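Secondary and tertiary structure notes
These are the residues of each chain, in order.
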Amino acid sequence: METIKKQEMNNLLEFTINAHGGMKNFKKYETISARLICDGILWSMVGHPGSVDDIYVTSNINKQATSHQPFLNKDWHTAFTANHVAIVNSNHEIVEELSNPRDSFAGYTTETPWSPLQLAYFTGYAMWTYFNAPFNFADEGYKVKELDPWEENGEVFRRLEVTFPEHVATHSAVQTFYIDKDGLIKRHDYNVDIAGGATAAHYLSDYIEVQGIMIATKRNVYIRQEDNTPLFPEPLLVSIDLREIIVK
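The structure presented is a predicted model; accordingly, all values stated were derived computationally and were not measured.

On to the confidence of the model for the chain. Per-residue confidence for the chain gives a mean pLDDT of 95, with 97% of residues at or over 70. Across residues 1–7, where pLDDT falls below 50, the model places 16 contacts with residues more than four positions away in sequence or in other chains.

Written out as structure tokens, the structure reads:
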């Protein structure tokens, strides 16, 4: 299969990008913001139940940066980049910060509690990954190839394997995206490296169009089993309901 080149785009990636609104349209904007209503057992597992039940997020389109607010305190927000994360108060003063946050997860398993800064790191890179897919896959440093199709619940999906560049913070280096007949991402598989490589099958649904960009407003994440099927319907690791979406 063909890997992505700067001058030549993988045809499945091109089909997917166009279905989500097109690269030219997406690059007109700088940020995507939304209200998040979250649930699932993950937040209790990492020691922060209720921390993201109802929170606002803004991610940058042209660089890897995300902020959540209010974060653990009504006057706090996060400032995430790939190699640094901070909690900042309403006076723009740093409450606490951490450089090279990924290194702090060394030896962690799915049962290891996270610090507030580690939580900010995870939520920061996760939402940036979700908001920017599939458009960022055409950027320099990403490698893309099409895998064999996958049939699930009577529907056949084309599958795009994406290898992320080392400088991008995300779940794992290699992730797989399942594309439906209309070009929309309906499932996203990855391992959560910072949680001992926990496997995930992440489902996307209820797409809406915002400024010409197609955005999934509901996401549910389950354990991915060895045969590539989800452990369904329980446990629900994470659910995300996006509201009040703004692209500008």
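Attention now moves to helix α1 (residues 11–19). Listed as buried for α1 are Leu-12, Leu-13, Thr-16 and Ile-17. End-on, the buried residues of α1 take up no more than an arc of 130°, which puts them together on one face. Elements that come into contact with the buried residues of α1 comprise α2 (23–26), β7 (143–152), β8 (155–163), β9 (174–179) and β10 (185–192). The opening residue of α1, the one whose side-chain oxygen lies 2.9 Å from the backbone nitrogen of Leu-12, is Asn-10. Remark: Gly-21 follows α1 within two positions and exhibits a positive phi of approximately 125°.

Both strand β3 (residues 65–69) and strand β4 (residues 76–81) contribute to a ladder of two bridges, which runs antiparallel. Of the residues in β4, the one forming a bridge with Thr-66 is Phe-80. Where β3 folds back onto β4 in an antiparallel hairpin, the turn is made up of six residues, including Leu-72, whose phi is positive at roughly 65°. With six bridges joining them, β4 and strand β5 (residues 84–89) adopt antiparallel strand pairing. Pairing of Phe-80 across the sheet is with Val-85, part of β5. Counted along the chain from β4 to the antiparallel partner β5, the turn is two residues long.

With that settled, the discussion passes to helix α4 (residues 116–132). The end-to-end C-alpha distance of α4, which contains 17 residues, comes to 24 Å, matching closely the 24 Å that a straight helix rising 1.5 Å per residue would cover. Burial runs high along α4: 16 of the 17 residues are buried.

Moving on, we come to the layout of surface pockets. Taken as a whole, the largest pocket encloses approximately 390 Å³ of empty space. In terms of lining, the largest pocket is formed by 30 residues, of which the most central are Leu-42, Phe-122, Val-192, Leu-237 and Val-238. Looking at the lining of the largest pocket, the elements with two or more residues in it are β1 (31–39), α3 (42–45), α4, β10, β11 (198–210) and β13 (236–247). In terms of residue class, the lining of the largest pocket is built from 23 nonpolar, seven polar and no charged.

Another point: empty space enclosed by the protein. Evaluation of the coordinates by the stated rule reveals one cavity of 30 Å³ or more. There is about 160 Å³ of room inside the largest cavity. Taken together, 17 residues line the largest cavity, and the ones lying closest to its centre are Tyr-130, Phe-131, Ala-133, Leu-204 and Arg-219. Where the lining of the largest cavity is concerned, the elements lending two or more residues are α4, β10, β11 and β12 (213–222). The dominant element in the lining of the largest cavity, judged by the number of residues it contributes, is β12, at five residues. The residue inventory of the lining of the largest cavity, partitioned by class, reads 14 nonpolar, two polar and one charged.

The rules we used
Residues numbered from 1 in each chain as written. Predicted model: local features only at pLDDT ≥ 70, side-chain atom pairs only at ≥ 80, totals over all residues. Heavy atoms only, no water. pLDDT = per-residue confidence, 0-100. Contact = heavy atoms within 4.5 Å. Buried < 20%, exposed > 50% of the residue type's maximum accessible area, 1.4 Å probe, protein only. Helix = DSSP H or I, 4+ residues; strand = E, 2+ residues; numbered from the N terminus. Arc of directions from axis to C-beta. Polar contact = N/O pair within 3.5 Å; in protein donor to acceptor, adjacent residues only side chain to side chain. Pairing = 2+ DSSP bridges. Expected span 1.5 Å × (residues − 1). 1 Å grid on protein atoms, 1.4 Å probe; cavity = no way out; pocket = protein on both sides within 12 Å on 5 of 7 lines; lining within 4 Å. Points joined across faces, edges and corners; volume = space filled by probe spheres on them. Nonpolar A, V, L, I, M, F, W, Y, C, P; charged D, E, K, R; others polar.

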